[in-house]
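Structure at a glance
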Amino acid sequence: MSFRIDQITLRHIRMPLVHFFETSFGRTYERAMILVEVSGGGISGWGEATCGENPFYNEEWTDSAWLILRDYVAPRVLHHEFGAAGEVGARTAHIRGHNMARGGLEAAAWDLEARLLGKPLYQHIGGGARREIPCGVSIGIQDTVAQLLQKIETEIKAGYQRIKMKIKPGWDIDVIKEVRKEFPSIKLMADANSAYTLKDIDHLRRLDEFYLMMIEQPLAHDEIIDHVPLQAALQTPICLDECIRSSHQAGQAIRMKACGIINIKLGRVGGFAEAVKVHDVCQANNIPVWCGGMLEAGIGRAHNIAMATLPDFVLPGDVSASKRYWSRDIITPPVEVTGRGTIVVRDEPGFGYPIDMDFLKQITVREETLR
Ligand code: OSB
Ligand code: MG
């Protein structure tokens, strides 16, 4: 459906996490994110730029997303006649990198178009393969092994279908050994967030002993090629995260056998149109995918749920209940998880959850409307 965006409002919000989140690249206590509201035909669509507060996961961070959106993305899309939301990403594809900022607006445009059509977003992107999304949790590096074991027990009792634990040199083999001793039969995986190099190949081979579902992004954030010899040396499948930023790269990684699984993050690939393409390349090559997370607030979380209804999202993802992150989310109701470890997909138009505008106002630290 053709539409024009005649107004864009950027909001910078701050939300403290219920519990700090630590990866190999650092610890986060409070999230700061940019929400993108695009308006056209008297209706608004919403998106979230999913970058971190610092350029440590990839090159983007909250303030870079604000500037990219305000100075480069908005001028390219305001008042442009779009034949469909699928054209929005191409309009900003001349920007090098910054997929999460670009993707925040692209996702908002899909939400707008879905609402203009009166359709749920998941249907509009071609999803709907399942009514319930299988959920796992991502558990950060803790101060002690005992704390980690406690957290795993809590999440398994809540019904989550798989546990992902973050690892780094010094918090890997010995810790996983303890986890396996306590929980021999859970679905378990490890995410290194680029903390190793090929020199660690013998060390990483020791992980095979723990029959992990997969090891996520062991090598550098921008590295595909070195994962090839590593994958050949491991029985455990490698899942690529950081280094897959396009369907082209997904195809390359699959062709060279750098991985057996890919995690798709909507923002990392620049929005829904490219996410669907990554999905399609994986599906055509029998590579299962799952939905990654970036500690999203409700809007980004709801977009992830829509994406995870595409057919090849067969593995439990990192999209879990709002209450694991926030004492209060920006959507009402918050995202909830069943005792079966699933999220039930909602059928309202757009991303499906009403926004708590009063709360949003309280946590907004900066707001700008562009026309
Ligand atoms: O690598 O998947 C990752 C959080 C921030 C940055 C990178 C990652 C993560 C997570 C958490 O693992 C996923 C979530 O619970 O949202
Ligand atoms: Mg990861």
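Residues numbered from 1 in each chain as written. Chains lettered and ligands numbered in written order. Predicted model: local features only at pLDDT ≥ 70, side-chain atom pairs only at ≥ 80, totals over all residues. Heavy atoms only, no water.

**Looking at the coordination of the magnesium ion (ligand 2)**
Distances from the magnesium ion (ligand 2) to its protein donors, namely Asp191 (OD), Glu216 (OE) and Asp241 (OD), fall within the range 2.1 to 2.3 Å. Between consecutive donors of the magnesium ion (ligand 2), the numbers of intervening residues give the motif D-x24-E-x24-D. Of this pair, aspartate 191 sits in strand S9 (residues 188–191) while aspartate 241 sits in the loop between strand S11 (238–240) and helix H9 (247–255), and the two are 50 residues apart along the sequence. With a relative accessible area of 1%, aspartate 191 lands in the buried category. Exposure remark for aspartate 241: the relative accessible area of 0% places this residue in the buried category. (Donors = N, O, S within 2.8 Å, 3.2 Å for Na, K, Ca; no water. Helix = DSSP H or I, 4+ residues; strand = E, 2+ residues; numbered from the N terminus. Buried < 20%, exposed > 50% of the residue type's maximum accessible area, 1.4 Å probe, protein only.)

**Structural notes on the pattern of salt bridges**
Counted according to the given criterion, the structure contains 26 salt bridges. Ionic pairing is found between aspartate 191 and lysine 166, a salt bridge with its closest N-O pair at 2.8 Å. A residue pair is termed long-range when its members are at least 10 positions apart, and aspartate 191 in strand S9 and lysine 166 in strand S8 (residues 163–166) qualify at 25 residues. Since its relative accessible area comes to 6%, lysine 166 is described here as buried. (Salt bridge = Lys/Arg side-chain N within 4 Å of Asp/Glu carboxyl O.)

**Let's talk about the packing of helix H1 (residues 62–77) against helix H3 (residues 99–117)**
For the pair H1 and H3, the least separation of the axes is 9 Å and the interaxial angle reads 50°. With respect to each other, H1 and H3 are oriented oblique. H1 and H3 meet at a crossing whose hand is right-handed. Across the interface between the two elements, Ala65, Ile68, Leu69, Val73 and Val77 of H1 pack against Ala101, Arg102 and Leu105 of H3. For the contact of H1 with H3, the class distribution of residues is seven nonpolar, no polar and one charged. (Axes fitted to C-alpha atoms, helices over the stretch in contact; angles between N-to-C directions. Parallel < 35°, antiparallel > 145°, perpendicular 65-115°, else oblique. Left-handed = near helix turned anticlockwise from the far one by under 90°. Contact = heavy atoms within 4.5 Å. Nonpolar A, V, L, I, M, F, W, Y, C, P; charged D, E, K, R; others polar.)

**Quick notes on the nonpolar core**
Residues Ile8, Ile262 and Ile330 are the most contacted members of the largest nonpolar core, which totals 121 residues. A per-element tally of this core places H3 first, with nine residues. A domain split of this core shows at least three residues from each of domain 1 (3–118 + 357–370) and domain 2 (124–344). Setting aside residues no more than four positions away along its own chain, isoleucine 8 makes contact with Val36, Glu37, Val38, Ala74, Val77, Leu78, Leu105, Glu368, Thr369 and Leu370. Within the second largest apolar cluster, six residues are counted, among which are Met189, Cys239, Ile261 and Trp290. (Core = buried A, V, L, I, M, F, W, Y, C linked by side-chain atoms within 4.5 Å. Domains from an automatic or database assignment.)

**A short note on the pairing of strand S12 (residues 261–264)**
Where burial is concerned, the two faces of S12 agree: the one with Ile261 and Asn263 and the one with Ile262 and Ile264 are both buried. Handedness of the S11-H9-S12 crossover: right-handed. By the bridge criterion, three bridges tie S12 to strand S13 (residues 289–291) in an arrangement that is parallel. Within the sheet, the bridge partner assigned to isoleucine 264 lies in S13 and is cysteine 291. (Right-handed = clockwise from strand over helix to strand, strands pointing away. Pairing = 2+ DSSP bridges.)

**Quick look at the packing of helix H5 (residues 145–158) against helix H6 (residues 173–182)**
In contact at an axis separation of 10 Å, H5 and H6 are set at 40° when each is read in the N-to-C sense. One element, H5, and the other, H6, form an angle in the oblique class. Here H5 and H6 pass one another in a crossing that is right-handed. Facing H5, whose interface residues are Val145, Leu148, Leu149 and Ile152, H6 presents Val175, Glu178, Val179 and Glu182.

**Focus on H9**
Within the span of H9, buried status applies to Ser247, Ala250, Gly251, Ala253 and Ile254. Relative to the axis of H9, the buried residues are bounded by an arc of 165° and lie together on one face. The outward face of H9, more than 90 degrees from its buried face, is lined by the exposed residues His248 and Arg255. Buried residues along H9 sit against S11, S12 and helix H10 (272–284). In the segment just after H9, lysine 257 is the residue with positive phi, at about 60°. (Arc of directions from axis to C-beta.)

**Some words on the sheet that holds S8**
With respect to topology, seven strands assemble into an open sheet ordered S7-S8-S9-S10-S11-S12-S13, the strand pairing being parallel. Each edge of the sheet is formed by a strand with only one pairing partner; in this case those strands are strand S7 (137–139) and S13. Across the sheet, H6 is in contact with S8 and S9; its angle to S9 comes to roughly 165°.

**A few points about the pairing of strand S3 (residues 26–40)**
Within S3, 11 of the 15 residues are buried, which leaves the element mostly enclosed by the surrounding structure. Sheet analysis places strand S2 (residues 7–23) next to S3, joined by 13 bridges and oriented antiparallel. Counted as the bridge partner of threonine 23 is glycine 26 from S3. The turn linking S2 back onto S3 is made up of two residues. Taken together, the seven bridges between S3 and strand S4 (residues 43–49) define a ladder with antiparallel strand orientation. When the bridges of S4 are listed, glutamate 37 appears paired with tryptophan 46.

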